[in-house]
Structures are given as structure tokens and as C-alpha cells.
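# Chain and residue survey
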Amino acid sequence: MKKGKLLNIALSIAFINILFVCFSIINVNAEEDTDTLNTNDESTVMESGWTNKENQWYYYDHGEKKTGWLHTDYWYYLDQDGKMVTGLASVGNQQYYFNQSGAMQTGWIQADGTYYYANNSGYIQKGWLHKGSWYYLDQDGKMVTGLASVGNQQYYFDQSGAMKTGWIQADGTYYYANNSGYIQKGWLHKGSWYYLDQDGKMATGLVSVGDEQCYFDQSGAMKTGWIQADGTYYYADNNGYIQKGWLHKGSWYYLDQDGKMVIGLASVGNQQYYFDQSGAMKTGWIQADGTYYYADNNGYIQKGWLHKGSWYYLNQDGKMVVGDYYINDQYYYFNSNGDLQLGWYYRDNQYYYLDSNVVLVKGWNKITNKWYYFNDQGIMQTGWQLINNQWFYLNAYGDMQTGWLKSGNKWYYLNKSGVMVTGWAQIEWKWYYFNEDGAAVKDDVVIDGKTYIFRDDYSWISNCTRKEFVERAKRYLGCNEKDGSFKKIIDSYNKLDPLPRGYKVKYTDSWCMTFVSAIVRECNLLDLIPVECSCGKAVEKAQSMGIWQENDAYVPQIGDIIMYDWDDNGNGDNTGWPDHVGIVTEVNGNTFKVIEGNKNDAVEYRTMNVNSKYIRGFIIPKFLS
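Residues numbered from 1 in each chain as written. Predicted model: local features only at pLDDT ≥ 70, side-chain atom pairs only at ≥ 80, totals over all residues. Heavy atoms only, no water.

Labelled according to an unreviewed UniProt entry, the chain appears under the name CHAP domain-containing protein, originating from Faecalibacillus intestinalis.

## A word on the overall build of the chain
Where we set the bar: Strands here mean DSSP runs of E at least two residues long; helices mean DSSP runs of H or I at least four residues long; both are numbered from the N terminus. Radius of gyration here is computed from C-alpha atoms only, and the compact-globule reference equals 2.2 Å multiplied by the residue count raised to the power 0.38. Exposed residues in this analysis have more than 50% of their type's maximum accessible area, buried residues have under 20%, and partly exposed residues fall in between, with area computed by a 1.4 Å probe over protein chains only. Two residues form a contact once any of their heavy atoms are found within 4.5 Å. Each accessible area value is a Shrake-Rupley result obtained with a 1.4 Å probe; residue values ignore everything except the protein chains displayed when judging cover. The sign given to each residue is positive for Lys and Arg and negative for Asp and Glu; His and the chain ends receive no count. Each charge is placed at NZ for Lys, CZ for Arg, CG for Asp and CD for Glu.
When its secondary structure is counted, the chain shows 6 helices and 50 strands. For 625 residues, the compact-globule formula gives about 25 Å, and the C-alpha radius of gyration of the chain, at 51 Å, lies well above that figure. Across its three principal directions, the C-alpha atoms of the chain cover 190 × 85 × 45 Å. Within the chain, the fraction of its 625 residues that count as buried is 43%. Residue pairs in contact within the chain that sit at least 24 positions apart in sequence constitute 39% of those at least 6 positions apart. Carbon together with sulfur atoms contributes 44% to the accessible area of the chain, which is approximately 35700 Å² in total. Here the chain carries 54 positive and 69 negative side-chain charges, and the mean point of each set is 5 Å from the other.

## Considering a nonpolar patch on the surface
Stated precisely, the cut-off is as follows: Residues qualify for a patch when their relative accessible area is over 30% and they have no salt bridge, like charges being joined within 9 Å and the nonpolar side chains of Val, Leu, Ile, Met, Phe, Trp and Tyr within 5 Å. Salt bridge, as applied in this entry: a Lys or Arg side-chain nitrogen positioned within 4 Å of an Asp or Glu carboxyl oxygen.
Nonpolar side chains collect at one region of the surface, where W344, Y346 and Y351 lie side by side and expose about 330 Å² of accessible area between them. Here Y351 lies in strand β33 (residues 350-355). Under the relative-accessibility criterion, Y351 is labelled partly exposed at 38%.

## Let's talk about the nonpolar core
Cut-off, in case you're wondering: Here the nonpolar core consists of buried residues drawn from Ala, Val, Leu, Ile, Met, Phe, Trp, Tyr and Cys, with membership extended through side-chain atoms lying within 4.5 Å.
Counting residues in hydrophobic clusters, the biggest one holds 42 residues, and the most contacted among them are F469, F515, L525, M563 and I583. For this core, the secondary structure elements donating two or more residues are α3 (466-474), α4 (487-493), α5 (512-522), α6 (535-545), β46 (561-564) and β47 (580-588). Broken down by element, the residue count for this core peaks at 7 residues, all from α5. Residues within four places of I583 in sequence aside, it is in contact with F469, V470, A473, V516, I519, G559, D560, I561, K593, V594 and I595.

## Brief notes about the UniProt feature "repeat: Cell wall-binding" (unreviewed entry) in the chain
What counts, and what does not: UniProt positions are given in the numbering used here, feature names are shortened, and annotations may be inferred rather than shown by experiment.
Residues annotated in UniProt with the feature "repeat: Cell wall-binding" (unreviewed entry) correspond here to residues 105-124, 164-183, 223-242, 282-301, 361-380, 381-400, 401-420 and 421-440. Secondary structure across residues 361-380 divides into 0% helix and 50% strand, with the first and last C-alpha atoms of the span separated by 9 Å. A helix fraction of 0% and a strand fraction of 50% characterise residues 401-420, whose end C-alpha atoms lie 10 Å from each other.

## Considering the pairing of strand β26 (residues 284-288)
The line we're drawing: Pairing between strands requires that DSSP locate at least two bridges from one strand to the other.
Across 5 bridges, the pairing between β26 and strand β27 (residues 291-295) is antiparallel. Bridge pairing links I286 to Y293 in β27. Where β26 folds back on β27, the antiparallel hairpin that results is connected by 2 residues, among which D289 adopts a positive phi of roughly 55 degrees.

## Quick look at the sheet that holds strand β3 (residues 64-65)
Within a sheet, neighbouring strands are paired by backbone hydrogen bonds and run either parallel or antiparallel to one another. Strand order in the open sheet made by the 3 strands is β1-β2-β3, with antiparallel pairing throughout. Each having just a single partner strand, β1 (49-53) and β3 make up the two edges of the open sheet. Relative to strand β2 (residues 56-61), β1 runs antiparallel, the two sharing 5 bridges. In the sheet register, N52 faces β2, and the bridge partner there is W57.

## Points about the domain arrangement of the chain
The line we're drawing: Per the annotation, domain bounds derive from an automatic or database assignment of domains.
When the domains of the chain are assigned, the result is domain 1 (46-125), domain 2 (129-184), domain 3 (185-243), domain 4 (263-341) and domain 5 (463-619). With centres defined by C-alpha atoms, the gap from domain 1 to domain 5 works out at 90 Å.

## Points about the pattern of salt bridges
This structure, assessed with the given rule, holds 18 salt bridges. For D560, the salt bridge is made with R466, and the minimal N-O distance between the two is 2.9 Å. Of this pair, D560 sits in the loop between β45 (548-549) and β46 while R466 sits in helix α3; the two residues are 94 residues apart in sequence, bridging distant segments of the chain. R466 shares its class with D560; the two are buried.

## Observations regarding α3
Here is the rule we go by: It is the directions from the helix axis to the C-beta atoms that the arc portrays.
Those residues of α3 not exposed but buried are R466, F469, V470 and A473. Buried residues of α3, viewed axially, fall in a sector of 95 degrees; they line one side. Each element contacted by the buried residues of α3 is listed here: α5, β47 and β48 (591-599).

## What about the layout of surface pockets?
What counts here: For each structure, a 1 Å grid was placed over the protein atoms alone; sets of points admitting a 1.4 Å probe that cannot get out are labelled cavities, open sets with protein on both sides within 12 Å along at least five of seven lines are labelled pockets, and lining residues have an atom within 4 Å of a point. Grid points are joined across faces, edges and corners, and a volume is the space filled by probe spheres set on the points. In this classification, the charged set is Asp, Glu, Lys and Arg, the nonpolar set is Ala, Val, Leu, Ile, Met, Phe, Trp, Tyr, Cys and Pro, and all remaining amino acids, among them Gly, are polar.
If you add up the space inside the second largest pocket, you get close to 270 Å³. Along the wall of the second largest pocket there are 14 residues; nearest its centre are L306, H307, K308, K366 and W371. Looking at the lining of the second largest pocket, the elements that each hand over two or more residues are β28 (304-308) and β34 (363-367). Among the residues forming the lining of the second largest pocket, the class breakdown is 5 nonpolar, 6 polar and 3 charged.

## Things to note about the environment of D211
Residue placement: D211 occurs in the loop between β18 (205-209) and β19 (212-216). D211 sits 30 residues away from Y241 along the chain, and the two C-alpha atoms are 9.6 Å apart.

## Some words on the packing of aromatic side chains
To keep it simple, the criterion reads: For Phe, Tyr and Trp, rings pair up if their centres lie within 6.5 Å, where Trp contributes its six-membered ring, and each pair is then called stacked (planes under 30 degrees apart), edge-to-face (over 60) or tilted (otherwise). A ring is considered to have a charge above it if a Lys NZ or an Arg CZ atom is located within 6 Å of its centre and within 35 degrees of its normal.
Following the criterion strictly, the structure yields 70 aromatic pairs and no others. Ring geometry for W108 against Y117: centres 5.1 Å apart, planes inclined by 75 degrees, an arrangement best described as edge-to-face. Judged by its relative accessible area of 12%, Y117 falls in the buried class. With 5.2 Å between their ring centres and 20 degrees between their planes, Y564 and W566 make a pair best called stacked. Of the residues examined, Y564 reaches a relative accessible area of 0% and is grouped as buried. In textbook terms, an aromatic cluster arises when at least three aromatic residues are bridged by ring pairs, as seen for W69, W75, Y77, Y96, F98 and Y123. Stacked on the ring of Y605, the Lys or Arg K593 has its end atom at 4.0 Å from the ring centre. The cationic tip of R606 hangs over the ring face of Y564; the distance from NZ or CZ to the ring centre is 5.3 Å.

Set out below in C-alpha cells:
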């Protein structure tokens, strides 16, 4: 047993010595060729799968480092050095997003404080994207939020990126986007009118729009009518325009250059006015500021002498004077009511008018509702008086005369101001001519090379022909309500003195008969054709004048006036209340052409057939030529 054990020991020692020699030989060879050793060592390790080196991931396939696209459980991309790509990266002409594990992402991707969207191929999307809602991804693929410009339009995207439509509350204001998402600018009608500025923001308060100002409440709705704001009042018309200057709404109001309603004593142009706390312009006596003012019918605050039953004096500020007051080197006394007492004084066969301090009145004065004229010596004048190059007539009592006056064998006319009229004048619907000395003319008279005929009552007999009547009407062809040109027709009618039934036509009234009557006035046919603003009343007058034609089958002449009844059913003779009127301008057999006011809110033509439906009848004037 001991011999065997020793043998084993001896053999082991011999083996160890052999190994030592071998390793020595290897070390010597390694020193001679280290490259060969290293190569042989590496080739002995065959890597496969994911490998992390220096915090970078690589992928090996049996020792071969992979690059480009790689698909395992997901798609990955390895750059030209084999490194696994993460985050947003461009591959070829596309962008992709790879998460921290390197896997390519699809669908919505939250990263870098924003969102991206990749399609099923992993392409990062740009531009418009519809996913339930519309989204917009910018040139970097980032999801847009808030107000953003896309092409020539602006849009609003909420925090989820969804494009908004309708009203949008954001950034302390409101925007409005239409169904296409376009942020609207300028005027917008949604039940009320709104205005969105150049940035699309909804306007509130007082805002300039073009050359006009408008007021929008806190909801953004444009206001019309009276507006209480900023401690004052504004007024906007039906278009929403803030009014400036004079405004008539039952009373007169004045709105300053900022559109604010004026109250109290205020200067407008060269005049002063007084406006109460409601803004209404006051006329007559006004108690304010511990004194009295007086405004005439135009609202002008009066200064100087004022006659209102008694005489008053208003100082340079328009305040009524009381007590002793020195005026133009004279003392006057005004009682506590401001009255200055006046009285007539007769001396040396002359009348004078004195105040309570025996101050002579001079020039024009109105006393007990009559006008008198006193010369520089204070003497009341009578008879014909040339004053400021105008002739007046004062009767034996000194009263200034107005209206018709017979002096000697001649007739004169004094207008409402008492001035003697010369030349042409229209008086109570008739025209007259007064020569240079004021005398009315009659019979045949040549005026400016043309012969005119005047009746025994001195009124002019119009020789206006049917054709001239029609041509006069044609001058207004095309006048319409839209541009306001029709107003001159209304203004022409309202020059009738007196007005038929005392009614002054408004611009808002129907104006078909007003148009016909205006032409009658301008052609001086007032004694041949009835003037009215009512078709029915005109028919009644025509019937009483014997110039009404009831027969619908009547073939008219130019210059005849046709009445319509829109309720005419075409059966039998229609005798209803007329609705419309026009002047016949052409007749061609059984058809005729009519010019009408207020047809489609304008002066236009209509063509009719003789005896056709809707004809109520005709006014057939008895033209002299």
C-alpha cells in the first residue's frame, strides 16, 4: 500500500513538471506573437442578442454586429455604428419615435413635453390628422395647442390638441371658429352681431371698426339704441354705429366727439345749449345753476335782450339778469322774475315805446305778438319802410304786415318775416310773379324771354304739357331707399304749403302717391291734379274734381295717373281702396308703361295691359296743352 502511494505521488510530480514546461513554451510563443493569441481568444467567444457596452445597446447575430432595421418582438433601428436608436430620429425620408427600450412607437406618443403621432408604419405624422377630432402636427411633428396659424388661416386647438369650433374661451377672451375651424375675424352674426379683431379676439366695450365706433357688451353682443356705460350714455343706430353730434329721439340730444351724451350747459359750434340729466335738449325757460337761461326753439341759449311777454336781459353767459343792470350806457331794472316793464308813449304825434326806466326802443321789436319798427330816434314807423335793403309794410298802428297787401291798385305779398316778395313765389299751392317793385302781375307777361299767363287772381296758369309732366317724373328714375336718393322726393312733397291734411311725410312712410304729388307740385299743376300722400284720399279728391275714370278698360294717355288695387280678383269693376299709383309714360296699342315711386323701394317702370287685373281706375288731368 505504501509503495503504491509513493508511485502515485511520483507520477503526479512528473505531470506537473510536464505542464510547467508546456506553459513555459506557450509564454515564449506569446511573447513572439501576441496578435495571434488575442485573435484566437476572441474567436472563441460567439456573441448573440442584445449586448450593452458602455451604456449603449448593440445587437449581435452569432458575433456579427447588426445595423439598420431589426425586428424581434418590436421594430428597432441600429445606427451605422450598430447603436440602438431611442427618441425622435430620422430614418431615410421619415421620422420615427423609439422608446427608451428602443422599440418603434405607433399612435399617440407623449414625449419631450408634447405629443407626436406615428402611423402603423411608425412614420411621424405632420400636418392635419383626423382622429375623432382634427389635430395639427407642426413641421417637427409636434401636436399643436392653443392659437395657431396654418396656411392662411388661424385655428384654436385645446390642451388635448383637438381643433375647436364655435365659441372658444381662451387667453382671457373669446374667439369664434367656423365649422372648418377657421378663427373668424371682423363681423360675425350669431343671434346678435359680434366683432372679432385682427387677432380674432371678441371685442367688448367701445371699439373702433373702420371709420365707425360700436359698443359691445360683456358678452360681446353689439348694442343698439341707448347704451349706459363708463358713467355716461352712448347711442348706437340700427347698424350699431355710435352716433356723434345731434340725435333726435323724441327730444334732441347731443353726443360729443367720443360719442358721450352731453348734459348741462354746453357749447356746440358757435351756440350754447342746455341738456337736462336725461340728455334731452331744453327749450324755453331753464332753471339751472341757481339762475335761469332761455333757449329758443332751436335750443340756442339766448343772450342779450329777449322778449317773452315781458322783456328780459340775458348776460354774456346766457344768465337772466335781475335787479339793476347797466346795458349800453343805460341802467335797467329787472324785477325778481327778470321782467323789464315796457310801455307805449305818444309824443308830438309819434309813438315811442319805453321801458320802465324810460329807455327808448329802437329798431325791430316784438310787442304783444306783433312786430314794430322804431327808427334811430325811437319813433314807431308806419307805411312802406326800406330796412336793410328789404321792403316791409307797417300799418297805421305800426304792426308789421304779412301775407297779401293791397296798396293803391296793386297787390303785394309779404312773407312770414314781413319782407316784400319779388320774383317767383309759391303761395298756398299757387305760383305768382312779383315784379321788381313788388307788385303782382297778371294777364300775359314775358319773363326771361318766355311768355307766362296769369289769372285775374294773379296766379300763374301752368302750361306744362303731358310730355313735360312725364319728363319731370323721369328725372327721379332710379332714386331709391338703399342709397337715400329717394329722400329728395319726400323733401319736395313736404314743401307744399299748406301740407295736405297737415301731415308731413316721413322717410319711413310709403311714398308712391307722395312721388306723384311731388311731380305735380314741381310742374305747378296743383289746380289740375290732386296732391296727397294717400292713394285713397287722392281718388276722393279726383272724384270731386270730376277727373276720375272708373272704367278699367279705359285706354290712358301719357300723363294720366293709374291707381292699383292688389286685392282685385279681375272679375268685374274693382272699387276697393287703392294700394299703389303711377304715371303713364308710354302707350302702345293695348299696352302702356308706367313710372312708379316706391316700386321695389325705388322709382321704376312697370308695363301694363289695358283692362288688366289690379287696375283700380285713372286720374285723367285736364292739361291745358
